[in-house]
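# Residue-level structure breakdown
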Amino acid sequence: MRSRRIGLAILPLMILAPPAEAWSDASPQSLPKGLSVHEDRRARETTFRPAHDSWTLYDFRIYPVLRLDAKGTRSLLLHVSRQGDKRIGIKSLQVRVDGVSRALAPKRSEIKVDAYGCRVTETALLEGQDDLIRAIAVGREVDVDVVGVDGPQSFRLTPEEIGSFVRIVALRDADSLPEPEKPPADPVRGREGLTNPRIIRESKVMPEFPVLARGRMATGKVTLHAVVHPDGTAEVLDVFKSSARYCGFEQAAIDAVRQWRYVPGREDGKPTDFYFTVDIDFQWK
């Protein structure tokens, strides 16, 4: 097997306030815990959904989405996705809520396939499922059979997954909805007295090349948003970009950066938070 090479690039200080992408979720005071909000200005709509790390591996996900359009109309949608080593070809779903079955048959045009990465993801966003979403929200036991070309696969929703239905339905019926939090203005431009943090070389561990990616000879590049705190520790805020999802690159990069230590940045001689981005390349020689 060829040797692997991991390249690191720490981009210089960008802003003293968190980058806009790091704050795509509204604050906990305005949005129920466990939910995220995203504003799509091009589509002129805002969506609320359970908060998930987009790079984590999973077998099956089903959750509700609350959509608010430009006219202020609220609608519930049902997100369904199956992830595996190969495409299963979703044909239908059988949802059982406390023993009562409901059949779903997504159209082929409603199913999107993402095969760019180490696993294949099939996703459908279904409209007109308000009754089913509300039934799941008040259910105690919820099972889903995903029927593919090779037969059905069964999954049971956890209490936490059912809880996401409860929160989204409650938000749908609320008098008002929280707005996406606006990113703070950049206070760095034009300011003086700032000193960038310096990494302590001995702490700069290299990321582990993920086993899943190694088995598939996969390569990728991850860009992280991070912050160096006054005590010199590094905190990862989010994954800004990743070129090959579901290979483990994102978590490997996060685990490494969390171990890095810095001589903290300073403002007018006092240690302060500094925000920056980190590019990490996972390549084979």
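The structure this text deals with has already been given above.
Bear in mind that the values here come from a model prediction, so they are computed numbers and not experimental data.

## Here's the deal with the overall build of the protein chain
Across its full length, the protein chain carries 4 helices and 19 strands. In the protein chain, which comprises 285 residues, the share counted as buried stands at 43%. Of the roughly 15800 Å² that the protein chain leaves accessible, carbon and sulfur atoms contribute 48%.

## A word on the packing of helix H1 (residues 130–137) against helix H2 (residues 159–172)
Their axes nearest at 8 Å, the elements H1 and H2 cross at an angle of 120 degrees. Classed by the angle they form, the pair H1 and H2 counts as oblique. The two elements H1 and H2 meet at a crossing, and its hand is left-handed. Contacts between H1 and H2 involve Ile 133, Arg 134, Ile 136 and Ala 137 on the former and, on the latter, Ile 162, Phe 165, Val 166, Val 169 and Arg 172. Classifying every residue of the contact of H1 with H2 gives 7 nonpolar, no polar and 2 charged.

## Things to note about the packing of aromatic side chains
What the rule picks out here adds up to 7 aromatic pairs. A cation sits over an aromatic face here: Arg 61 above Tyr 58, 4.1 Å from the ring centre. The ring of Trp 260 carries the charged tip of Lys 204 above its face, separated from the ring centre by 5.9 Å.

## So, the sheet that holds strand S2 (residues 35–40)
Taken in spatial order, the 6 strands make up an open sheet running S2-S3-S4-S5-S9-S8, and their pairing is antiparallel. The open sheet is flanked by S2 and strand S8 (111–114), the only strands paired with a single partner. Each strand of the sheet is rotated relative to its neighbour by a mean of 25 degrees, with strand direction disregarded. Packing of H1 onto the sheet brings it into contact with strand S4 (60–69) and strand S5 (74–84), and relative to S5 it is tilted by some 75 degrees. Across the sheet, H2 is in contact with S2, strand S3 (45–50), S4 and S5; its angle to S4 comes to roughly 10 degrees.

## Considering the sheet that holds strand S11 (residues 151–156)
In space, the 4 strands of this open sheet follow the order S7-S6-S10-S11, with antiparallel pairing throughout. Here the strands that pair on one side only, and so sit at the sheet edges, are strand S7 (100–104) and S11. Pairwise comparison of adjacent strand axes, ignoring direction, gives a mean angle of 20 degrees for this sheet. With 6 bridges joining them, strand S6 (residues 92–97) and strand S10 (residues 142–148) adopt antiparallel strand pairing.

## Notes on the pattern of salt bridges
Summed over all chains, the structure comprises 14 salt bridges. In this structure, Glu 141 engages Arg 156 in a salt bridge whose closest nitrogen and oxygen atoms are separated by 3.6 Å. Of the two residues, Glu 141 is situated in the loop between H1 and S10 and Arg 156 in strand S11; the sequence distance between them amounts to 15 residues. Residue Asp 173 pairs with Arg 172 through a salt bridge whose shortest N-O separation is 4.0 Å. Using a relative accessible area of 25% as the deciding quantity, one classes Arg 172 as partly exposed. Through salt bridges with shared partners, a single ionic network connects Asp 59, Asp 85, Arg 119 and Arg 216.

## Here we look at the environment of His 38
Within the fold, His 38 resides in strand S2. Under the relative-accessibility criterion, His 38 is labelled partly exposed at 45%. Taking the C-alpha atoms as reference points, His 38 and Glu 179, separated by 141 residues in sequence, lie 9.2 Å from one another.

## What about the pairing of S11?
Pairing of S10 with S11 involves 6 bridges; the strand directions are antiparallel. Note that in S11 the partner of Val 146 across the bridge is Gln 153. Hairpin remark: S10 followed by S11, antiparallel, with 2 residues in the connecting loop.

## Here we look at the pairing of S7
Here S6 runs beside S7; their pairing, made up of 5 bridges, is antiparallel. Across the sheet, Val 97 pairs through a bridge with Val 100, a residue of S7. Hairpin connection, S6 to S7: the antiparallel pair is bridged by 2 residues, and Asp 98 has positive phi, about 50 degrees.

## A few points about the environment of Ser 243
Relative to the helices and strands, Ser 243 is located in the loop between strand S15 (234–242) and helix H4 (249–257). Among the residues examined, Ser 243 registers a relative accessible area of 32% and is labelled partly exposed. Through-space distance from the C-alpha of Ser 243 to that of Lys 221 is 5.4 Å; in sequence the pair is 22 residues apart. In this structure Ser 243 touches Tyr 116, Gly 220 and Lys 221, once residues within four positions along its chain are discounted. There is a polar contact of 2.7 Å between the side chain of Ser 243 and the backbone nitrogen of Lys 221.

Reading the values: the criteria
- Residues numbered from 1 in each chain as written.
- Predicted model: local features only at pLDDT ≥ 70, side-chain atom pairs only at ≥ 80, totals over all residues.
- Heavy atoms only, no water.
- Helix = DSSP H or I, 4+ residues; strand = E, 2+ residues; numbered from the N terminus.
- Buried < 20%, exposed > 50% of the residue type's maximum accessible area, 1.4 Å probe, protein only.
- Areas by Shrake-Rupley, 256 points an atom, 1.4 Å probe, with all protein chains shown as cover.
- Axes fitted to C-alpha atoms, helices over the stretch in contact; angles between N-to-C directions.
- Parallel < 35°, antiparallel > 145°, perpendicular 65-115°, else oblique.
- Left-handed = near helix turned anticlockwise from the far one by under 90°.
- Contact = heavy atoms within 4.5 Å.
- Nonpolar A, V, L, I, M, F, W, Y, C, P; charged D, E, K, R; others polar.
- Phe/Tyr/Trp six-rings, centres within 6.5 Å; stacked < 30°, edge-to-face > 60°.
- Lys NZ or Arg CZ within 6 Å of the ring centre and 35° of its normal.
- Pairing = 2+ DSSP bridges.
- Salt bridge = Lys/Arg side-chain N within 4 Å of Asp/Glu carboxyl O.
- Polar contact = N/O pair within 3.5 Å; in protein donor to acceptor, adjacent residues only side chain to side chain.

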